[in-house]
Amino acid sequence: MAYQPSPGRYSFMEYRRCGNSGLKLPALSLGLWHNFGRQDDYERCKSILHTAFDCGITHVDLANNYGPPAGSAEETFGKILKDDFKAYRDEMIISTKAGWPMWPGPYGDFGSKKYLMASLDQSLKRTGLNYFDIFYHHRPDPETPIEETMATLHQIVQQGKALYVGISSYSPEQTKEAIKVLNYLGTPMLIHQPKFSMLVRDAEKGLLDTLDKSGVGCITFSSLAQGILTDRYLNGIPEDSRAASRRGNGALDANVITEELIGRIQQLNGLAEGRGQTLAQMALAWVLKDKRITSVIIGASKPEQVLDSAQCLRNYNFSEDELRQIDAILG
Ligand code: NDP
């Protein structure tokens, strides 16, 4: 039977304005880095996307290299879009990125105009979209002048291939420079996508302030630390987990899950229980407590995880004491 979205899909989600722009994003977005590749079960992929949209998660985050193999997450999404979401395209914000290695030779990586333009055209073809809502430069390029990369983002908007542009994993200094160039060109930067979680807090060292002062939104990734900040690894490494999957492409490695780390995670889990939350909910709430955060991109391997994570919105307030306890547990 054809997918019918829930009529109540906008009743629960919170939508936050993205910097000074006109665009609002759901507090939770869905990322397709893993679990949407060619090897993944298509019906399950569909079910995760249906569940997310039914929860009011209107934003789907992609990149050219998501899979595996690279490109296959965009293909999977394109198929599901055609099957189930065609009528809802205007209710969705779909992003993609380029910046990591995609094809051999000097034109398939980093931030040249040659690479970004070709990659975006490939992403449009794989997804079957006419345009992306957001196109990102995925990581800073130490060699290409930032003026060339930003002028390419500007041109992409001028051409109508993306409505907005952003950057990912740029330092505060690189971000300031990129914002300056884009402002000069007349295409303001919409958003920055950093890694940010209770375990990885670099964004607190200048980046969040820079974005806030510049009116640029912030959407975080790996805020569940690829599953470490959930109940997944409390009692060992489950067979169906990402850490056991050997998927490659940056996926969580089982070696990272040490006894010492799990000891801390168990303490965090106790704290989450005391708040009446699962650990995943507390980890997401911890990020969303900061009003400078526009959205958190969650990953999920099952629809139930999306439902569980969405409940974080019921309580993202923390007492001073709870925050102190979290800091003490994580050292
Ligand atoms: P998370 O940190 O959200 O980890 C997702 C994993 O956590 C899931 O696959 C699942 O693990 C587990 N999980 C999720 N929800 C729950 C739950 N409620 N209870 C128990 N376990 C849960 O995300 P990702 O690291 O996958 O990143 C999210 C997105 O961010 C990506 O898809 C991508 O869009 C973006 N991203 C961007 C990057 C960039 O450079 N800009 C880099 C990396 C990600 P399991 O699979 O074991 O079930």
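Remember, it's a predicted structure, so these values are computed and weren't measured experimentally.

Here is what the cut-offs are and how they apply
Residues numbered from 1 in each chain as written. Predicted model: local features only at pLDDT ≥ 70, side-chain atom pairs only at ≥ 80, totals over all residues. Core = buried A, V, L, I, M, F, W, Y, C linked by C-beta atoms within 7 Å. Buried ≥ 20, exposed ≤ 12 C-beta atoms within 10 Å, placed from the backbone. Helix = DSSP H or I, 4+ residues; strand = E, 2+ residues; numbered from the N terminus. Pairing = 2+ DSSP bridges. Axes fitted to C-alpha atoms, helices over the stretch in contact; angles between N-to-C directions. Contact = placed C-beta atoms within 7 Å.

Undergrad: Whenever I open this one, the nonpolar core confuses me. Can you help?
TA: One broad rule of soluble globular proteins: the nonpolar side chains tend to lie buried together. Ranked by internal contacts, the top residues of the largest apolar core, which has 85 residues, are Ile134, Phe135, Val165, Ala283, Leu284 and Val296. The biggest single contributor to this core is helix α8 (residues 279-288), with nine residues.

Undergrad: Looking at this structure, how should I read unusual backbone geometry?
TA: A cis amide bond, omega -5°, links Gly67 with the succeeding residue Pro68. Topologically, Pro68 is positioned in the loop between β4 (59-61) and α2 (72-85). A positive phi angle, close to 60°, is found at Ser169, a residue other than glycine. Positionally, Ser169 belongs in the loop between β7 (162-168) and α5 (172-185). You will see that Ser222, though not glycine, has its phi angle at about 50°, which is positive. Structurally, Ser222 can be placed in the loop between β9 (217-220) and α7 (259-274). The exposure class assigned to Ser222 is buried, which follows from the 23 C-beta atoms found within 10 Å.

Undergrad: Before we go on, may I ask you to explain the sheet that holds strand β6 (residues 132-137) in this structure?
TA: The strands making up a sheet are joined through hydrogen bonds of the backbone, oriented either antiparallel or parallel. Taking strand neighbours around the barrel as the criterion, the eight strands line up as β3-β4-β5-β6-β7-β8-β9-β10 in a closed arrangement whose pairing is parallel. Shown here is a sheet whose adjacent strand axes are inclined to one another by a mean of 30°, direction ignored. The sheet contact formed by strand β3 (residues 28-31) and β4 spans two bridges and is parallel. Counterpart to Leu30 in the pairing with β4 is Val60. This element, helix α4 (residues 146-158), spans β6 and β7 of the sheet and lies at about 155° to β7.

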